[in-house]
Amino acid sequence: MADAGGARPAGFLRQALRIAAKDLAIEWRSKEVLATMTFLAVVVVLIFSFAFVIEGTRPPAAVVSGIVWVALVVSGTVGLGRTFDRERDGEAIRSLLLTPAPRAAIYLGKLLATVALMALTEVVLTGLSGVLFAASLGDVIGRVALLLALGTVGFAAAGCIFSAALLRARGRDALLATLLYPIIVPIVIAGARGTSQLIDPISPDFDGARFWTQFLFALDVLFVTAGLWAFEPIVSGD
Amino acid sequence: MTGQGAAALRLSKVGKIYGGRRALADVSTTFEPGRIAAVLGPNGAGKSTLLAILSTLIAPSTGDVRWGDALLGRGSSLRARIGYVGHEPGIYGDLTAAENLTLFASLHGVSDPAGRAAALLSRVGLGDVARDAAARTFSRGMLQRLALARALAHDPALLLFDEPASALDPAGADWLSRELAAERDGGRVVVLVTHDLSAAAVADQLVILRRGRVVFDETRPGGFGAEAVRSSYEAKTREQTRDKPRESPRG
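The paragraphs below set out a description of the structure included in this document. (Residues numbered from 1 in each chain as written. Chains lettered and ligands numbered in written order. Predicted model: local features only at pLDDT ≥ 70, side-chain atom pairs only at ≥ 80, totals over all residues.)

Comments concerning the packing of helix α5 (residues 103–132) of chain A against helix α6 (residues 141–165) of chain A
To characterise two packed helices, one gives the angle between the axes of the helices and the distance between these axes.
All names here are of chain A.
Piece 1. Close contact between α5 and α6 brings their axes to 9 Å; oriented N to C, the two are set at 135°. Viewed along their axes, α5 and α6 adopt a mutual orientation that is oblique. Like other packed secondary-structure pairs, α5 and α6 cross with a definite hand, here right-handed. Facing α5, whose interface residues are Tyr107, Lys110, Leu111, Thr114, Val115, Met118, Ala119 and Glu122, α6 presents Leu148, Thr152, Val153, Ala156, Ala157, Gly159 and Cys160.
Piece 2. Along the lines of polarity and charge, the residues of the contact of α5 with α6 split into 10 nonpolar, three polar and two charged. (Axes fitted to C-alpha atoms, helices over the stretch in contact; angles between N-to-C directions. Helix = DSSP H or I, 4+ residues; strand = E, 2+ residues; numbered from the N terminus. Parallel < 35°, antiparallel > 145°, perpendicular 65-115°, else oblique. Left-handed = near helix turned anticlockwise from the far one by under 90°. Contact = placed C-beta atoms within 7 Å. Nonpolar A, V, L, I, M, F, W, Y, C, P; charged D, E, K, R; others polar.)

Shown next as structure tokens:
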């Protein structure tokens, strides 16, 4: 047999990073997912801006916050679906599952790549929302970013589980939204409420926002743990 | 580890049931290193299920598979010694051939993934393709060559082929037969699942499945040859049309 140079499986985190790097390298080349996600997010924000910005009046903070989180969820769902389509095309997922990489490392890699793509979309989303809705982000941008980051991790953690489960299902795009949205309702509520409390120009509620931030963190721990544990039986298809 | 590089793969009363439907029943056979075993059978015979069990992607409902003296089960660490070539290439179309091989070699822990990728591309005749060409631009034959290179990235001791010659032109099929022979001569356990009787001509061992059961299992070192494969297959599957409907829809 040929010399493979001493095959010895790499560590868990390194395997996860390689899988994430693979997804990002593919996206860097095609820019397909990122372009679609960003386009959708921008369209959602624009549509709501036409509906809520009337004669230059600024919509309430709760409305702006809701718009941002709806745009995040819609664009994130499309991104999830397409990212996992790439695993299905040509049965690449089978090759991935036949490597010694732990299933949990594969899940973590997919999660990291999804979070990275969503984060890039959120930069555009947040900036556009700030301009269109004249949202007061200046002093609270760090806290809003933390809320968005935690919400993104939770959304992607749950989304990667369902996307993997639906990898071979017909009508998976519609099914993904149907199954995922009820699960992520607490994330959206926490994110929207926390963001609303932070960007309220009159009386920002930092204590309230801190609670929702902690709540999101707890949800992240729950969803990521469930994903690491459940990915193996989900992808085995047995 | 127990020297799987030279160990035989032994299946003992392997069965698989999907949702109350039997896909495999009491399959017992041995796949020896240095031989090509062809698993034949009509649609629904259980060939793909058998291959999925051998590749550790699913677990048998009954019986066991042993590689040397180690149990080969779902998620077994022994899967690091298995290479798989399916009718789909199992690669990422947006990556180049070298990037695909480097990725899979690195996930297998190969110490010099890029070097290994270059060597394998040269070995399968893809050494001169454009370095920046995405794999999705390849012809079917090129993709199958790349799939074989991917399966060999970690120098596996067990090579599994699932309909590898489907959609290949005659020249591609000939190339694949030579590659199968080369892998056998390299001392690997080679298991080939196929509908294509001519593709099975190179086999030293012929296993015919029908409705999930082994109805023929014979070894002829040096190869069966096309005529012997055809006559054995026809003799063992001729009665199928008179039989009651098969019990499983799985292939």
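A closer look at the pairing of strand β8 (residues 189–193) of chain B
All names here are of chain B.
Piece 1. Where burial is concerned, most of β8 is hidden: five out of the five residues are buried.
Piece 2. Residue alternation in β8 divides its side chains into two sets, Val189, Val191 and Val193 and Val190 and Leu192, and both sets are buried.
Piece 3. Note that strand β3 (residues 35–40) and β8 share five bridges and pair parallel. Across the sheet, the residue bridging to Val39 is Val193, located in β8.
Piece 4. The pairing of strand β7 (residues 158–162) with β8 spans five bridges and is classified as parallel. For Asp162, the partnering residue across the bridge sits in β8 and is Val193. (Buried ≥ 20, exposed ≤ 12 C-beta atoms within 10 Å, placed from the backbone. Pairing = 2+ DSSP bridges.)

A look at the sheet that holds strand β9 (residues 205–210) of chain B
All names here are of chain B.
Piece 1. The mixed open sheet is built from six strands, whose spatial order is β6-β7-β8-β3-β9-β10. Of all the strands in the sheet, just β6 (82–85) and β10 (213–219) have a single pairing partner and so form its edges. This sheet shows a mean twist of 15° between the axes of neighbouring strands, independent of strand direction.

So, to be careful, I would describe these as geometric facts and stop short of saying anything about function.
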